[in-house]
Amino acid sequence: MMAPGTPLRDGLERVLRGRTGALVVLGHSRAVDDITTGGFALDLPFTPQSLRELAKMDGALIIDGDASRIRRAAAHLVPDADIDTPETGTRHRTADRVSKQTGLPTITVSASMSLITLFLDGERHVVEDSEQILSRANQALQTLERYRSRLSQLISKLSALEVEDQVTLRDLALVAQRLEMVRRLEHELSGYAVELGTDGRLLTLQLHELNAGIDELGALIEQDYALGVEAAGFQSLTGFTTTELLDVACVARALGFGPQEHLEGKIAPRGLRQLASINRLPHSLAPRLLEHFGSLQALFGASATDLQLVDGVGEGRAKIIREGLTRLAESAMTESLD
């Protein structure tokens, strides 16, 4: 609601440029009425121009939570003085206490410091202009591109090792580690996109392109290695500190592998991710293939005739599967040579 291009942000920036300052409560409730005295009761449609003009008067502005109507102007807010606040200015102290007491967003516009500040959920957030946010977003975007490139390398290596039946716990933990790094950067960039509003459309498109298929990839790997059965899978890494995330052993433990399992110990995938890369292969057929042959390696060794023994696999589909498996094996060999 406060992103560039919205009516509320337009009104606040008009106040900022006019250097009059403002205190705005974003919500009208009984809790707000209980701490409000004086001022003028209004019921006007919200416009950026009306916010600018009414802010010229001393006191607070109270508008609806969806910023559709202005309910009161020049109001005197008297929150509980016992509410702790680190703020020092009168307007900011009042805004912080009102937000904490009512649970509603409260906004201040500082004429002396040229700042728009949002108080919400006990936190203070300085609203930055688009140029500052875009600068940080571009740095994060470049980092995300490097992380995605490294993740692609790890996934290619994992695929080759799966074909050769040489996957270790360390290999899986490294992929999980990189997936979480990508997820964290994606979360940070999503926040920037929200703050940028209409100015963040290009960033949103770039972010969507970079993260296409990430959720599906993570889900398939979790199914392949039975993650999340006794643990939370990759979700268990979301609360990790950066130091914990960089510790491969710590990541392996979080994925549900016990301390007795060595990082260099071999683990076997089911093979769902590999089969998902074969074009025109129904998702429902992959589990049946793996159940019939017992392992991914046995499936790689199956002939077209063997494949036709599986329910739902005819001659044409068996040929497609066989060719797909051959391409996967050749790709794994190329990766090993590289």
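Above this note sits the structure.
Residues numbered from 1 in each chain as written. Predicted model: local features only at pLDDT ≥ 70, side-chain atom pairs only at ≥ 80, totals over all residues. Heavy atoms only, no water.

Observations concerning the overall build of the protein
Here is the rule: Helix numbering and strand numbering both begin at the N terminus, where a helix is a DSSP run of H or I of at least 4 residues and a strand a DSSP run of E of at least 2. Residue exposure (1.4 Å probe, protein chains only): buried if accessible area is under 20% of the type maximum, exposed if over 50%, otherwise partly exposed. Whether two residues touch is decided by their heavy atoms; if any such pair falls within 4.5 Å, the residues are in contact. Every accessible area reported is derived by Shrake-Rupley at a probe size of 1.4 Å, with residue values counting cover from the shown protein chains alone. Counting rule applied: Lys, Arg positive; Asp, Glu negative; His and chain ends not counted. Working definition for charges: the position is that of NZ of Lys, CZ of Arg, CG of Asp or CD of Glu.
Along its length, the protein carries 15 helices and eight strands. In the protein, which comprises 338 residues, the share counted as buried stands at 44%. Put simply, of all contacts in the protein between residues at least 6 apart along the chain, 63% involve residues at least 24 apart. For the protein, the exposed surface amounts to about 17500 Å²; the carbon and sulfur share of it is 51%. Treating the 35 positive side-chain charges of the protein as one cloud and the 47 negative ones as another, the clouds have centres 4 Å apart.

Some points on the pattern of salt bridges
Stated formally: By definition here, a salt bridge exists when the distance from a side-chain nitrogen of Lys or Arg to a carboxyl oxygen of Asp or Glu is within 4 Å.
This structure, assessed with the given rule, holds 15 salt bridges. Glu264 serves as the salt-bridge partner of Arg170, at 2.5 Å between the closest nitrogen and oxygen. Of the two residues, Arg170 is situated in helix H6 (residues 169–196) and Glu264 in the loop between helix H10 (248–254) and helix H11 (272–276); the sequence distance between them amounts to 94 residues. Take Arg170: its relative accessible area is 31%, and that puts it in the partly exposed class.

As for the layout of surface pockets
Put simply, the rule reads: The definitions used throughout rest on a 1 Å grid laid over the protein atoms alone, on which a cavity is an enclosed set of points accommodating a 1.4 Å probe that cannot get out and a pocket is an open set flanked by protein within 12 Å on both sides along at least five of seven lines; lining residues are those having an atom within 4 Å of a point. Grid points are joined across faces, edges and corners, and a volume is the space filled by probe spheres set on the points. In this classification, the charged set is Asp, Glu, Lys and Arg, the nonpolar set is Ala, Val, Leu, Ile, Met, Phe, Trp, Tyr, Cys and Pro, and all remaining amino acids, among them Gly, are polar.
Estimated volume of the largest pocket: approximately 490 Å³. Lining the largest pocket we find 24 residues, and of these Leu179, Arg183, Glu186, Ile214 and Asp215 sit closest to its centre. Breaking the lining of the largest pocket down by element, the ones donating at least two residues are H6, helix H7 (201–210) and helix H8 (214–224). The greatest single-element share of the lining of the largest pocket, amounting to seven residues, is contributed by H6. Of the residues contributing to the lining of the largest pocket, the split by class is ten nonpolar, eight polar and six charged. One number sums up the size of the second largest pocket: a volume of about 320 Å³.

Some remarks on the nonpolar core
One recurring pattern in soluble globular proteins: nonpolar side chains tend to sit buried together. Our working rule: Side-chain atoms within 4.5 Å link the members of a nonpolar core, which is a set of buried Ala, Val, Leu, Ile, Met, Phe, Trp, Tyr and Cys residues.
Counting 44 residues, the largest nonpolar core has Leu189 and Ile221 as its most contacted members. The set of elements that each furnish at least two residues to this core consists of helix H5 (130–164), H6, H7, H8 and H10. Examining the composition of this core, we find that 13 residues originate from one element, H6, more than from any other. Apart from residues lying up to four places away in sequence, Ile221 is in contact with Ile155, Leu172, Val175, Leu179, Leu227, Phe234 and Arg273. Listed in part, the 23 residues of the second largest apolar core include Leu272, Leu289, Leu296 and Ala302.

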